[in-house]
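Geometric and topological summary
These are the residues of each chain, in order.
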Amino acid sequence: MQLSFAKSSFAVVGCGKLGSALAGQLVKAGYRPEGFASRSRSSAEKAARAANIDRFGTIPWEITVSADIVFITTPDDSISDTCKEIAKNNGFKNNSIVMHCSGSLPSTILSVSESLAVATGSMHPLQSFAAITKGTNPFEGINIAVEGESSAVEKAKEIARNLNANSFTIKTDAKTLYHASAVVASNYLVTLQGMAFKLIEAAGISPDDAFNVLGPLIEGTVSNIKKTGIKDALTGPIVRGDMETVKEHIKEISEKTPELVHLYKILGIYTVKVAEDKGSLSESASRQLRTILTIS
Ligand SMILES: NC(=O)c1ccc[n+]([C@@H]2O[C@H](COP(=O)([O-])OP(=O)(O)OC[C@H]3O[C@@H](n4cnc5c(N)ncnc54)[C@H](OP(=O)(O)O)[C@@H]3O)[C@@H](O)[C@H]2O)c1
């Protein structure tokens, strides 16, 4: 029974970073590519060639009409309109599944018509597809958040398994907060490291050496979070209550990289909260730190 599921056919609309990566791994996992559509013919053709088929174009419904699963992997803002256009042009096969891969949008944006016999869902791979190493499976071991109508959720879970990924269900109305968390974990981590690099460069370390110098600290911290959890992974002047060190940081940052002082203070205030939760700060140390870190 499982085997017939694994042979579902699929079409991809929006052949960018995710759509192309997903298609490549679906083919490897035994799913049958029906065709590829994208805004530009060249993107659709590239994805089709990689999947070893010659059905591609810029008119989605001509490609999607025979597929068991339709993935709409356009930018988030075009997903709903693309789905509506496909439905308007009878581009969904009866009992097919349509899914998008957005982290923030719910699957309900795909529910374009009650009379349509199509199950809607979303499967969001919690991974950044900025740089994919050729020949590797970027879904290997990652987590995929799924939600939607039950047959779409079952299909998404099956796909996750076949891509060697893990899946978990998320409430449809919780997607925005779930995605905000992913943005902080990934995008803001990049921003934060950019800030750290800027500070170390101001301290005289060359940009080329910044990652070599900070890399082991970054990786060690992530590893500590994994081993001990957030509270116990926190070290440094705030959790120790070293007021003078924090004051000196603020003084120097204000002089050398003033554009970063605001952010340093805001993150510091939140770090005081983590230290309080850990129970390592006295009430008076907390109060003093909050005063030092207040944005005037
Ligand atoms: N990249 C990631 O790391 C990542 C991770 C998780 C989830 N996602 C989700 O995956 C989806 C796609 O993101 P992405 O990063 O792959 O974006 P992307 O690289 O910009 O790819 C989007 C593709 O859709 C095509 N396109 C744009 N508008 C279209 C339309 N109206 N009709 C048909 N095709 C259209 C684009 O144009 P051309 O045909 O001109 O190339 C492009 O190839 C989004 O929902 C995003 O939230 C992305």
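Structure report, in brief. (Residues numbered from 1 in each chain as written. Predicted model: local features only at pLDDT ≥ 70, side-chain atom pairs only at ≥ 80, totals over all residues. Heavy atoms only, no water.)

Residues Ile79, Ser80, Thr82, Cys83, Ile86 and Ala87 constitute the buried set of helix 5 (residues 76–88). Here the buried residues of helix 5 occupy an arc of 165° about the axis, which is enough to place them on one side. Every exposed residue of helix 5 that faces more than 90 degrees away from the buried side is listed here: Asp77 and Lys88. Packed against the buried residues of helix 5 are strand 1 (9–13), helix 4 (60–64), strand 4 (69–72) and strand 5 (96–100). One or two residues past the end of helix 5 sits Asn90, with phi positive at roughly 55°. (Buried < 20%, exposed > 50% of the residue type's maximum accessible area, 1.4 Å probe, protein only. Helix = DSSP H or I, 4+ residues; strand = E, 2+ residues; numbered from the N terminus. Arc of directions from axis to C-beta. Contact = heavy atoms within 4.5 Å.)

Right, let's talk about the nonpolar core for a bit. Grouped together as the largest cluster of nonpolar side chains are 35 residues, with contacts concentrated most on Phe10, Phe36, Phe71, Met123, Phe139 and Ile159. Only strand 1, helix 2 (17–28), helix 3 (41–50), strand 4, strand 5, strand 6 (118–125), strand 7 (143–148) and helix 6 (150–162) provide two or more residues apiece to this core. Core analysis: the second largest hydrophobic core is formed by 19 residues, Leu234, Ile253, Val272 and Ala275 among them. (Core = buried A, V, L, I, M, F, W, Y, C linked by side-chain atoms within 4.5 Å.)

On to the pattern of salt bridges. Evaluated as defined, the whole model comprises 13 salt bridges. When the shortest N-O distance is used, the salt bridge between Glu85 and Lys88 registers 3.3 Å. Here Glu85 pairs with Lys88, and both are found in helix 5, just three residues apart, close to one helical turn. Relative accessible area serves as the criterion here: at 33%, Glu85 is assigned to the partly exposed category. Taken together, the shared-partner salt bridges connect Arg32, Asp68 and Lys93 into one network. (Salt bridge = Lys/Arg side-chain N within 4 Å of Asp/Glu carboxyl O.)

Let us now look at the packing of aromatic side chains. Inspection of the entire model under this criterion finds five aromatic pairs. Their ring planes at 85° and their centres at 6.3 Å tell us that Phe10 and Phe36 sit as a pair that is edge-to-face. Of this pair, Phe10 sits in strand 1 while Phe36 sits in strand 2 (residues 32–37), placing them 26 residues apart in sequence. Residues Phe10 and Phe36 agree in their burial class; the two are buried. (Phe/Tyr/Trp six-rings, centres within 6.5 Å; stacked < 30°, edge-to-face > 60°.)

The next thing to look at is the sheet that holds strand 4. Strand order in the open sheet formed by eight strands is 3-2-1-4-5-6-7-8, and the pairing between neighbours is mixed. Unpaired on one side and paired on the other, strand 3 (56–57) and strand 8 (166–169) mark the two borders of the sheet. Relative to strand 8, strand 7 is paired through four bridges, and the arrangement is parallel. Bridge pairing links Ile144 to Ser167 in strand 8. Packed on one face of the sheet, helix 2 meets strand 1, strand 2, strand 4 and strand 6 and runs near 165° to strand 1. (Pairing = 2+ DSSP bridges. Axes fitted to C-alpha atoms, helices over the stretch in contact; angles between N-to-C directions.)

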